[in-house]
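Spelled out from the first residue to the last, the chains are:
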Amino acid sequence: MTRVAVVGAGVMGSAAAWALRERGAEVAVYEQFADVEHDRGSSHGRTRIFRLAYPHDEWVRLAEESLALWQALGDDLLSLHGLVELAPARELTSVDALERCGAAFSFEPHDERVRVPDGWSALWQPLAGVVFADRARRRFLRDVDVRTGVHVESPDDLDADVVVVTAGPWVRRFAPDLPVRVTRETVAYFRADGPPLPSVVELHAGRGHAMYALHDPVHGLKVGAHFAGHETDPDEEEGPDDEIVARIAEWTAAHFPNADPDPVGAQSCIYTSTSDESFVLERRGRVVIGSPCSGHGFKFAPALGRRLADLALG
Ligand SMILES: Cc1cc2nc3c(=O)[nH]c(=O)nc-3n(C[C@H](O)[C@H](O)[C@H](O)COP(=O)(O)OP(=O)(O)OC[C@H]3O[C@@H](n4cnc5c(N)ncnc54)[C@H](O)[C@@H]3O)c2cc1C
């Protein structure tokens with residue numbers, strides 16, 4: 001039996017541990033903080049957007065693979081109440097990739113609670129919504145040996161055949177050459193009554209998505225600005241950026257006429273990003289590095305967990 005140590009109990013370490021156990025490995029997860037529910041990395045919070053809609057086929061296919069895996073993990077991890085993709089022109093939406101991959105979508109007006117700016121296109125994608133982030137992390141870690149309050153200095157210190165490093169924003173401590181940027185991003189919460197609002201992703205020419213919104217089971221709506229934050233040191237504790245909260249509130253008022261425009265709360269969360277928003281999954285000798293964030297990794301966690309397990313076990 002291969003003995004694997006996983007560094008980091010964020011969603012990626014948790015998913016890797018789940019996939020490794022599925023493959024029969026003996027797994028121990030090491031987490032530097034005393035509680036895996038901490039809010040210092042990238043995986044905290046109640047929800048993340050799940051969507052198939054991406055402008056490139058490989059992302060659509062990875063999301064389809066992840067959808068099947070989430071559903072196999074339990075019927076309470078996703079809420080598929082749809083996604084509205086907003087873009088200044090139809091050709092900037094994910095229409096072509098969805099068509100090529102055979103995924104359902106339409107341009108019919110769908111939910112009047114989301115206001116579409118004049119002249120913009122709104123693509124409706126039904127197999128989308130949210131993944132319940134905290135529940136998903138706990139599901140992956142069910143029956144896993146998690147050792148909290150252990151700060152791993154080096155993979156050499158761990159007694160294991162293979163070490164999977166899923167250290168989120170701390171990954172460069174293990175791989176200083178990794179071409180990633182670590183930024184502190186801000187999200188805000190708004191009161192919105194009624195059934196879950198669809199997720200919304202706003203796309204812009206040449207720069208991928210900008211603003212996004214999703215259902216929050218406590219307040220109703222969570223809204224964020226993609227890649228708006230500044231570079232940060234993950235060891236420093238810093239709250240949300242007030243200026244970004246004000247921008248988010250303005251956008252929310254313009255796009256969700258039924259939501260209370262005053263935020264009820266805000267939070268910071270860290271992105272670890274490559275320049276093209278792709279993920280780093282690679283093996284270096286006895287060590288596997290997993291850095292799948294770039295602000296959109298959560299939805300793919302079970303598929304990425306399996307890829308990390310493949311790299312670890314060969
Ligand atoms: C604001 C925000 C919004 C997002 N929205 C979405 C979305 O809507 N949809 C989507 O799909 N994705 C989204 N993402 C991306 C997604 O959340 C990330 O891809 C994912 O959480 C990355 O998880 P991780 O496990 O790599 O990192 P982390 O969650 O940061 O986990 C790393 C863990 O490693 C531990 N660690 C680090 N160093 C050590 C050490 N030396 N010893 C022991 N433990 C260590 C840390 O304490 C931490 O617990 C969002 C991210 C953010 C920040």
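Just so it is clear, the structure is predicted and the values come from calculations on it, not from any experiment. (Residues numbered from 1 in each chain as written. Predicted model: local features only at pLDDT ≥ 70, side-chain atom pairs only at ≥ 80, totals over all residues. Heavy atoms only, no water.)

Participant: Would you take a moment to explain the sheet that holds strand β2 (residues 26–31) for this structure?
Facilitator: Two modes of strand pairing occur in sheets, parallel and antiparallel, and in both the strands are linked by backbone hydrogen bonds. Read from one edge to the other, the open sheet built from six strands follows the order β8-β2-β1-β9-β17-β16, with strand pairing classed as mixed. In this open sheet, the two edge strands, each paired with only one partner strand, are β8 (145–148) and β16 (280–284). On average, adjacent strands in this sheet sit at an angle of 20° to one another, irrespective of strand direction. Sheet topology places strand β9 (residues 162–165) next to strand β17 (residues 287–291); three bridges connect them, and they run parallel. Bridge pairing in β17 links V164 to V288. In this fold helix α1 (residues 11–22) packs onto β1 (3–7), β2 and β9, with an angle of close to 170° to the strand it touches most, β2. In this fold helix α6 (residues 301–313) packs onto β1, β9, β16 and β17, with an angle of close to 10° to the strand it touches most, β16. (Pairing = 2+ DSSP bridges. Helix = DSSP H or I, 4+ residues; strand = E, 2+ residues; numbered from the N terminus. Axes fitted to C-alpha atoms, helices over the stretch in contact; angles between N-to-C directions. Contact = heavy atoms within 4.5 Å.)

Participant: Any chance you could explain the packing of α1 against α6 here in plain terms?
Facilitator: Working note: a packed helix pair is described by the angle between its axes plus the distance between those axes. α6 packs onto α1 with a crossing angle of 60° between their chain directions and a minimal axis gap of 7 Å. For the element pair α1 / α6, the angle class is oblique. In terms of crossing hand, the pair formed by α1 and α6 is right-handed. Between α1 and α6, the contacting residues are V11, M12, A15, A16, W18, A19, L20 and E22 on the first element and A301, P302, L304, G305, R306, L308, A309, A312 and L313 on the second. (Parallel < 35°, antiparallel > 145°, perpendicular 65-115°, else oblique. Left-handed = near helix turned anticlockwise from the far one by under 90°.)

Participant: What's the story with the nonpolar core in this structure? I'm lost.
Facilitator: Proteins that are soluble and globular tend to have nonpolar side chains buried together. Counting residues in each nonpolar core, the largest one holds 66 residues, and the members touching the most others are L20, W70, F140, V164 and F300. Here F300 is in contact with Y54, W59, L62, A63, S66 and F279, once residues within four sequence places are set aside. By size, the runner-up hydrophobic cluster in this structure holds 22 residues, among which are V114, F190, V223 and A249. (Core = buried A, V, L, I, M, F, W, Y, C linked by side-chain atoms within 4.5 Å. Buried < 20%, exposed > 50% of the residue type's maximum accessible area, 1.4 Å probe, protein only.)

Participant: Whenever I open this one, the site of the ligand confuses me. Can you help?
Facilitator: For the ligand, the set of nearby residues contains 37 residues, the closest of which are E31, H38, S43, I49 and C269. Contact distances for the ligand include 3.4 Å between a nitrogen atom and a backbone N or O atom of G295. Within the contact set of the ligand, an oxygen atom lies 3.1 Å away from a backbone nitrogen or oxygen of F298. Going through the elements one at a time, α1, β2, β3 (47–50) and β15 (265–273) are the ones with two or more residues in the shell around the ligand. Top contributing element to the shell around the ligand by residue count: β15, with three residues. The residue makeup of the shell around the ligand, split by class, is 21 nonpolar, 13 polar and three charged. (Near = heavy atom within 4 Å. Polar contact = N/O pair within 3.5 Å; in protein donor to acceptor, adjacent residues only side chain to side chain. Nonpolar A, V, L, I, M, F, W, Y, C, P; charged D, E, K, R; others polar.)

Participant: Even after reading the chapter, I still don't get the packing of aromatic side chains, so can you show me in this structure?
Facilitator: Here a ring pair, both rings aromatic, is described through the centre-centre distance and the interplanar angle of the planes. Within this structure, the stated rule accounts for twelve aromatic pairs. Aromatic pair Y54 and F300: ring centres 5.7 Å apart, planes at 45°, arrangement tilted. Of this pair, Y54 sits in the loop between β3 and α2 (57–73) while F300 sits in the loop between β17 and α6, placing them 246 residues apart in sequence. No difference in accessibility class separates Y54 from F300, as the two residues are buried. Put simply, the rings of W18, W70, F140 and F298 touch in pairs and so form one group of aromatic residues. Directly above the ring of Y54 sits R51, whose terminal nitrogen or CZ lies 4.0 Å from the centroid. (Phe/Tyr/Trp six-rings, centres within 6.5 Å; stacked < 30°, edge-to-face > 60°. Lys NZ or Arg CZ within 6 Å of the ring centre and 35° of its normal.)

Participant: Just to check I follow, could you spell out the environment of E112 for this structure?
Facilitator: If you trace the backbone, E112 turns up in the loop between α3 (95–101) and β6 (121–125). Accessibility expressed as a relative area gives 75% for E112, which makes it exposed.

Participant: Explain the packing of α2 against α6 here, please?
Facilitator: One can describe the packing of α2 onto α6 by two numbers: an axis separation of 7 Å at closest approach and a directional angle of 95°. Here α2 lies roughly perpendicular to α6, going by the angle between them. Contacts from L62, E65, S66, L69, W70 and L73 in α2 reach A301, P302, A303, L304, R306 and R307 in α6. Considering only residue class, the contact of α2 with α6 consists of eight nonpolar, one polar and three charged.

Participant: Sorry if this is basic, but what is going on with the pairing of β2 here?
Facilitator: The side chains of a regular strand alternate between both faces of the sheet. Most of β2 sits inside the fold, with five of its six residues counted as buried. Bridge count for β1 against β2 is five bridges, and the pairing is parallel. Paired with R3 across the bridge in β2 is E26. Of the crossover connections in this fold, the one passing from β1 over α1 to the parallel β2 is right-handed. Summarising the sheet, β2 and β8 pair through four bridges and their orientation is parallel. In the strand pairing of β8, A28 is matched with D145. (Right-handed = clockwise from strand over helix to strand, strands pointing away.)

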